[in-house]
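# Analysis of the macromolecular model
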Amino acid sequence: MMKCKSITLVDYGMANLLNVKRAFEQCGAMVNVIEEPAHVLAAERLVVPGVGAFQDCMDEVNRRGFGEAIRSYVDSQRPMLGICVGMQILFDVSEEFGEHKGVGILPGRVQAIPRQAVDGKAQRVPHIGWNHLIEPECGREWAGTLLAPFRGQRPAVYFVHSFAAQPENEGDRLADCLYGGHRICAAVQRQNVMATQFHPERSGETGLAIIRQFLNL
């Protein structure tokens, strides 16, 4: 009998944990929800979700002591997945409502999505709804990554965000989407650190396939 995969879901008060928990359970995972940073290092696989403003999320991460625990976990080389603002806080700094420091695992900045398309026309921000993932301009392929099930495809996933990460190292960028002709970073992966700007738990069967891939990495 195949062993049930275990994930640890970080609850720092700034995420819709129920949907994430249900999606992982639907994929056969056993989900442990934790509220104390002391439990992070015991995780087999760590999931850090997040919704709302970057500063509010980081205030709670810092107040509860999760920042150092997450950095130590990443150093252990075990798999970690950030979702939405849980992706953004992995970067050095965000420009949302001023400049605010992140956890600093991935070099780069979180910046506002342009309010004009490349043709100069106004576009709606936040970016809400379904959009297609594409390979980044650096030519990184998806084989062996979080997005391996979709090699050669342009899968549709669900987004809700007004800001997006700009990785300093293009090699960290795993996937983009196009919004008004602008390339928006949609996913990153550096070794054991994976993160999505989109919500896999709200992306139907495509999102579940991404979750299953994370469980198998």
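Residues numbered from 1 in each chain as written. Predicted model: local features only at pLDDT ≥ 70, side-chain atom pairs only at ≥ 80, totals over all residues. Heavy atoms only, no water.

## Focus: the UniProt feature "active site" (unreviewed entry) in the protein
Feature annotation in UniProt assigns "active site" (unreviewed entry) to the following positions: Cys84, His199 and Glu201. Over a stretch of 118 residues, the named residues converge on one spot in the fold, their C-alpha atoms separated by at most 10.8 Å. The subset of the named residues that lines the largest cavity consists of His199 and Glu201. When you line up the elements, His199 lands in the loop between strand S13 (193-196) and helix H5 (204-216). (UniProt positions renumbered as here; feature names shortened; annotations may be inferred. 1 Å grid on protein atoms, 1.4 Å probe; cavity = no way out; pocket = protein on both sides within 12 Å on 5 of 7 lines; lining within 4 Å. Helix = DSSP H or I, 4+ residues; strand = E, 2+ residues; numbered from the N terminus.)

## Some thoughts on the nonpolar core
Counting residues in hydrophobic clusters, the biggest one holds 71 residues, and the most contacted among them are Phe24 and Ile89. Here the element with the most residues in this core is H5; it accounts for six residues. When near neighbours in sequence (up to four residues on either side) are disregarded, Ile89 contacts Tyr12, Val48, Phe54, Cys57, Met58, Val61, Gly102, Val103 and Gly104. (Core = buried A, V, L, I, M, F, W, Y, C linked by side-chain atoms within 4.5 Å. Buried < 20%, exposed > 50% of the residue type's maximum accessible area, 1.4 Å probe, protein only. Contact = heavy atoms within 4.5 Å.)

## Describing the side chain of Glu201
Mapped onto the secondary structure, Glu201 falls in the loop between S13 and H5. Despite being buried, Glu201 has no salt bridge partner; Arg202 is the closest side chain of opposite charge, sitting 5.7 Å away. At 2.8 Å, the side chain of Glu201 and the side chain of His199 are in polar contact. Once you skip the residues sitting within four places of it in the chain, Glu201 turns out to touch Asn19, Val20, Ala23 and Ile83. (Lys, Arg positive; Asp, Glu negative; His and termini not counted. Salt bridge = Lys/Arg side-chain N within 4 Å of Asp/Glu carboxyl O. Polar contact = N/O pair within 3.5 Å; in protein donor to acceptor, adjacent residues only side chain to side chain.)

## Here we look at empty space enclosed by the protein
Inspection of every chain in the model, using the stated rule, returns one cavity of 30 Å³ or more. Looking at the largest cavity, its volume works out to about 40 Å³. Here the lining of the largest cavity is composed, by residue class, of five nonpolar, three polar and one charged. (Points joined across faces, edges and corners; volume = space filled by probe spheres on them. Nonpolar A, V, L, I, M, F, W, Y, C, P; charged D, E, K, R; others polar.)

## Here we look at the sheet that holds S13
Pairing between sheet strands relies on hydrogen bonds along the backbone, with the strands arranged either parallel or antiparallel. Pairing within the open sheet is mixed, and its seven strands lie in the order S2-S1-S3-S4-S13-S12-S11. Across the chains shown, the open sheet's two edge strands, defined by having one partner strand only, are strand S2 (30-34) and strand S11 (173-179). Direction aside, neighbouring strands of the sheet carry axes that sit 25° apart on average. Across six bridges, the pairing between S11 and strand S12 (residues 182-190) is antiparallel. In the sheet register, Asp176 faces S12, and the bridge partner there is Cys185. (Pairing = 2+ DSSP bridges. Axes fitted to C-alpha atoms, helices over the stretch in contact; angles between N-to-C directions.)

## Observations regarding the packing of aromatic side chains
To describe a pair of aromatic rings, you give the distance between the ring centres and the angle between the ring planes. Scanning the entire structure with this criterion turns up three aromatic pairs. Look at Phe24 and Phe214: their rings are 6.3 Å apart centre to centre, the planes differ by 85°, and that puts the pair in the edge-to-face class. Within this pair, whereas Phe24 is found in helix H1 (residues 17-26), its partner Phe214 is found in helix H5, the two being separated by 190 residues in sequence. Measuring from centroid to centroid gives 5.8 Å for Trp130 and Tyr158, while their planes differ by 70°, and the two rings are edge-to-face. Here Trp130 is found in strand S8 (residues 127-132), whereas its partner Tyr158 is found in strand S9 (residues 156-161), with 28 residues between them in sequence. Exposure remark for Tyr158: the relative accessible area of 16% places this residue in the buried category. (Phe/Tyr/Trp six-rings, centres within 6.5 Å; stacked < 30°, edge-to-face > 60°.)

## Here we look at the UniProt feature "domain: Glutamine amidotransferase" (unreviewed entry) in the protein
The feature "domain: Glutamine amidotransferase" (unreviewed entry), as given by UniProt, occupies residues 9-215 in the numbering adopted here. Its end C-alpha atoms 13 Å apart, residues 9-215 is made of 23% helix and 31% strand.

## Comments concerning the pairing of strand S4 (residues 80-83)
Residues Met80 and Gly82 of S4 are buried on one face, and the alternating residues Leu81 and Ile83, pointing to the opposite face, are buried as well. As defined by bridge partners, strand S3 (residues 46-48) adjoins S4 across three bridges and the pair is classed as parallel. Counted as the bridge partner of Leu46 is Met80 from S4. When S4 meets S13, the two strands line up parallel, connected through four bridges. The partner of Gly82 across the bridge, within S13, is Ala195.

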